Amino acid sequence: MRVLTGITPSGTLHIGNYFGAMRPAIELQAGGDAYYFIADYHSLTVITDPAERRGYTQGIALDWLACGLDPAKSVFWRQSDIPEVCELTWLIGSLTPMGLLERAHSYKDKLAKGIAPNFGLFAYPVLMAADILLYDTNVVPVGKDQKQHLEMTRDIAIKFNLTYGEGTFVVPEERISESVAVIPGLDGQKMSKSYGNTIEIFGDEKVLRKKIMGIVMDSRTPQEPKPDADKNLAIQLLRFFAQADVAADYESRLRAGGLGYGDLKKTLFEHYWNFFAPYRARRAELVANPDYVEKVLHDGAERARAVAAKTMARARQACGLR
Ligand code: TRP
């Protein structure tokens, strides 16, 4: 059962990324056939600053390795180290109907936001399908926002197989976890870079403390009982970082009255900060060891290429390019 997912290097990772995607993916590597890559080609449609792209790519490599991605268990590489994925994009793109791409939510959303569309943005789901098909993927652990892209991947694989020969591509399973955790951001909306409401996984202590202490709450006095304590944003976030009984204790103290918001936010900050402490230490080691990180990505690319070469040979042969 091969599991694969891609992470676009278009920003600094936040705790929503951690609980929603990273931790579940890292847990899946115990299964022994996990393929994770940094989708730097996909970032071309989002950012145009080369230094920024390099920085985010490096940052994601460090973050994932620090948070437990184990190169002995998973294959971890940079998408652009295997340019065959672009070749496959062309092969499958030539069988992908315009209408299918025009119906893509992510594309329509970007148009609605006034973003000037280009070929890369339009073809984004084809490149994503190539990522998935190139590595004989069975399962793609992504959230609901990527569901349509997965359906498109299946459609494309089925059509290619029908046109050029069954068995050319593995058709990935449709398995979207409905339960992908949605982490509330500093303003209570879903945590997202585009809402500017994120808490980063790694970063400067002062800055992060200020962000958490700056969470806006209502004007009730500390003494007032708060029957809606379970909906309090700091309590909701605390549940991710504290033992269940500890979080429940703070919730009941807030409900009863007597616990001030300032103290609650201080507690939240401390639990958050301690939660990532071991990863922070590991990340510092990795930062001091850039050659090691580069070697991990290089070895990962070699292992990924071995699979990619076989798929490409099948695909070229099937459509008569060889
Ligand atoms: N589009 C995905 C995202 O925005 C990233 C991605 C690129 C991806 N290629 C992929 C995810 C292949 C899963 C499989 O999050």
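Our subject is the structure listed above.
So, the pairing of strand β2 (residues 34-38)
Consideration 1: Counting buried positions along β2 yields 5 of 5 residues, so the element is predominantly enclosed.
Consideration 2: Burial along β2 is two-sided: the residues Ala34, Tyr36 and Ile38 and Tyr35 and Phe37 are all buried.
Consideration 3: Pairing of strand β1 (residues 3-7) with β2 involves 5 bridges; the strand directions are parallel. Bridging across to β2, Gly6 finds its partner in Phe37.
Consideration 4: Once you follow β1 into helix α1 (residues 15-28) and on to β2, the crossover reads as right-handed.
Consideration 5: Of the strand pairs in this sheet, β2 and strand β3 (residues 74-78) are connected by 5 bridges, and their pairing is parallel.

So, the nonpolar core
Consideration 1: In this structure, Ile15, Trp64, Phe76, Ile199 and Tyr272 are the most contacted members of the largest nonpolar core, which totals 55 residues.
Consideration 2: Apart from the residues lying within four places of it in its own chain, the contact partners of Trp64 are Ile7, Leu13, Ala21, Met22, Ala25, Ile26, Tyr36, Leu69 and Phe76.
Consideration 3: In terms of nonpolar packing, the next biggest core, distinct from the first, is built from 44 residues, Ile82, Leu100, Leu150 and Met152 among them.

Here's the deal with the pairing of β3
Consecutive side chains of a regular strand alternate in pointing toward one face of the sheet and then the other.
Consideration 1: For β3, a buried count of 5 out of 5 residues is recorded, marking the element as mostly surrounded by other parts of the structure.
Consideration 2: A two-sided burial pattern is seen for β3, the buried positions comprising Ser74, Phe76 and Arg78 on one face and Val75 and Trp77 on the other.

Digging into the pattern of salt bridges
Consideration 1: Enumeration according to the criterion identifies 19 salt bridges in this entry.
Consideration 2: Residue Arg314 is joined to Asp136 by a salt bridge in which the shortest nitrogen-to-oxygen separation is 3.0 Å. Of this pair, Arg314 sits in helix α14 (residues 290-319) while Asp136 sits in the loop between α7 (119-134) and α8 (147-164); the two residues are 178 residues apart in sequence, bridging distant segments of the chain.
Consideration 3: Residue class for Arg314 comes out partly exposed when judged on its relative accessible area of 31%.
Consideration 4: In this structure, the salt-bridge partner of Glu205 is Arg209, at a minimum N-O distance of 3.0 Å. Linking Glu205 with Arg209, this pair stays in helix α9 (residues 205-213), spanning 4 residues, or about one helical turn.
Consideration 5: For Glu205, a relative accessible area of 33% corresponds to the partly exposed category.
Consideration 6: Through salt bridges with shared partners, a single ionic network connects Asp230, Lys231, Arg239, Glu251 and Arg255.

The rules behind the values
Residues numbered from 1 in each chain as written. Predicted model: local features only at pLDDT ≥ 70, side-chain atom pairs only at ≥ 80, totals over all residues. Heavy atoms only, no water. Buried < 20%, exposed > 50% of the residue type's maximum accessible area, 1.4 Å probe, protein only. Helix = DSSP H or I, 4+ residues; strand = E, 2+ residues; numbered from the N terminus. Pairing = 2+ DSSP bridges. Right-handed = clockwise from strand over helix to strand, strands pointing away. Core = buried A, V, L, I, M, F, W, Y, C linked by side-chain atoms within 4.5 Å. Contact = heavy atoms within 4.5 Å. Salt bridge = Lys/Arg side-chain N within 4 Å of Asp/Glu carboxyl O.

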